[in-house]
Amino acid sequence: MSPTKPSSQDERLAEVFGAPLDQLLATPGPTRHLREALELRAFLAVAEDHVAWVRNRVHERSAPDLPMDKLSEDDLRMDARWMEAALQARRGYLTALDKVLRSQSPPEYEPAVTFNQPVITARAVPAGEQTTARPKGR
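The text that follows walks through the structure, step by step, so that each part is easy to find.

What counts, and at which threshold
- Residues numbered from 1 in each chain as written.
- Predicted model: local features only at pLDDT ≥ 70, side-chain atom pairs only at ≥ 80, totals over all residues.
- Heavy atoms only, no water.
- Helix = DSSP H or I, 4+ residues; strand = E, 2+ residues; numbered from the N terminus.
- Buried < 20%, exposed > 50% of the residue type's maximum accessible area, 1.4 Å probe, protein only.
- Contact = heavy atoms within 4.5 Å.
- Areas by Shrake-Rupley, 256 points an atom, 1.4 Å probe, with all protein chains shown as cover.
- Polar contact = N/O pair within 3.5 Å; in protein donor to acceptor, adjacent residues only side chain to side chain.
- Expected span 1.5 Å × (residues − 1).
- Salt bridge = Lys/Arg side-chain N within 4 Å of Asp/Glu carboxyl O.
- Axes fitted to C-alpha atoms, helices over the stretch in contact; angles between N-to-C directions.
- Parallel < 35°, antiparallel > 145°, perpendicular 65-115°, else oblique.
- Left-handed = near helix turned anticlockwise from the far one by under 90°.
- Nonpolar A, V, L, I, M, F, W, Y, C, P; charged D, E, K, R; others polar.

**A closer look at the overall build of the protein**
Turning to step 1, where the next piece is worked out: Broken down by element type, the protein carries four helices and zero strands.
Turning to step 2, where the next piece is worked out: Ordered by position in the sequence, the α and β elements of the protein form the string α-α-α-α.
Turning to step 3, where the next piece is worked out: The proportion of buried residues among the 138 residues of the protein is 21%.
Turning to step 4, where the next piece is worked out: The contacts of the protein with a sequence gap of at least 6 include a subset with a gap of at least 24, amounting to 74%.
Turning to step 5, where the next piece is worked out: With an accessible surface of roughly 11,100 Å², the protein has 54% of that area assigned to carbon and sulfur atoms.

**Quick look at the environment of aspartate 10**
Turning to step 1, where the next piece is worked out: Turning to its location among the elements, aspartate 10 is positioned in helix H1 (residues 10-17).
Turning to step 2, where the next piece is worked out: Note on aspartate 10: relative accessible area 16%, which makes it buried.
Turning to step 3, where the next piece is worked out: Separated by twelve residues in the primary sequence, aspartate 10 and aspartate 22 have C-alpha atoms spaced 10.0 Å apart.
Turning to step 4, where the next piece is worked out: Ignoring any residue separated from it by four or fewer positions in sequence, one finds aspartate 10 in contact with Leu21 and Arg41.
Turning to step 5, where the next piece is worked out: Within the structure, aspartate 10 has its side chain in polar contact with the side chain of arginine 41 (distance 2.7 Å).

**Structural notes on helix H4 (residues 73-103)**
An α-helical turn contains 3.6 residues, so a residue and the one three or four places further along point in the same direction.
Turning to step 1, where the next piece is worked out: With 31 residues, H4 extends 45 Å between its outermost C-alpha atoms, agreeing within 8% with the 45 Å of an ideal straight helix rising 1.5 Å per residue.
Turning to step 2, where the next piece is worked out: Each element contacted by the buried residues of H4 is listed here: H1 and helix H3 (32-61).

**Here we look at the pattern of salt bridges**
Turning to step 1, where the next piece is worked out: Within this structure, the stated rule accounts for ten salt bridges.
Turning to step 2, where the next piece is worked out: Arginine 61 is the partner of aspartate 79 in a salt bridge, and the nearest nitrogen-oxygen pair spans 2.7 Å. One end of the pair, aspartate 79, is in helix H4; the other, arginine 61, is in helix H3, with 18 residues separating them in the sequence.
Turning to step 3, where the next piece is worked out: For aspartate 79, a relative accessible area of 2% puts it in the buried group.
Turning to step 4, where the next piece is worked out: Classification of arginine 61 by relative accessible area gives partly exposed; the value is 29%.
Turning to step 5, where the next piece is worked out: In this structure, aspartate 74 and arginine 77 form a salt bridge, with 3.0 Å as the shortest nitrogen-oxygen distance. Linking aspartate 74 with arginine 77, this pair stays in helix H4, spanning three residues, or about one helical turn.
Turning to step 6, where the next piece is worked out: Three or more residues are tied together by salt bridges with common partners; here these are Arg12, Asp98 and Arg102.

**Observations regarding the packing of H3 against H4**
Turning to step 1, where the next piece is worked out: Remark: H3 packs on H4, axes separated minimally by 8 Å, with the N-to-C direction vectors making an angle of 160°. It follows that H3 is roughly antiparallel to H4 by the angle criterion. Two packed elements cross with a definite hand, and for H3 against H4 that hand is left-handed.
Turning to step 2, where the next piece is worked out: Per-class residue counts for the contact of H3 with H4 are 20 nonpolar, three polar and nine charged.

**With respect to the environment of threonine 4**
Turning to step 1, where the next piece is worked out: Mapped onto the fold, threonine 4 is located in the segment before H1.
Turning to step 2, where the next piece is worked out: As a C-alpha pair, threonine 4 and leucine 21 span 17 residues in sequence and 8.5 Å in three-dimensional space.
Turning to step 3, where the next piece is worked out: Beyond its immediate chain neighbours, meaning those up to four positions away, threonine 4 contacts Leu25 and Arg41.

Printed below as a string of C-alpha cells:
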C-alpha cells in the first residue's frame, strides 16, 4: 500500500493538519491523530483505487462499440458485487477518517480565554431612589 497514492481527502488532511501531504507523511514522531489519519487515508486511497478499477472494467465490458454477444450477465453481476464492496469500504474509511479529522483541532486554533470571576446577581438601585427597609415577617 503506497502512502503517496492519491485520495479524495488529501486536501482536507492538509487543511486540518496545516501542512501539505508530503510533509505530513515525512513528519517524525507523528501525533496519534496524525498517525491514525494517515493510516486511514492510505486505506481510503486503496478503496478508491478499487472503485475506479471496477468502474473502468464495467465501462470496458459495456462499451458501445462492443458486440452485444460479448455482454455477460454473470460478469456484470460480479462487477456489481465488487463495486458494492468497494463503495462500502470507501464509505467506512471516509466515516472513520472524518471522525479522526473532526477530533483534531485546526492548526491555528487557540481555545477561548475564560475568566473565572464571580457573577454579581444583585440589582443596582437607580440614583436618587432610596430603599426602605422592610421589617421581617411582613
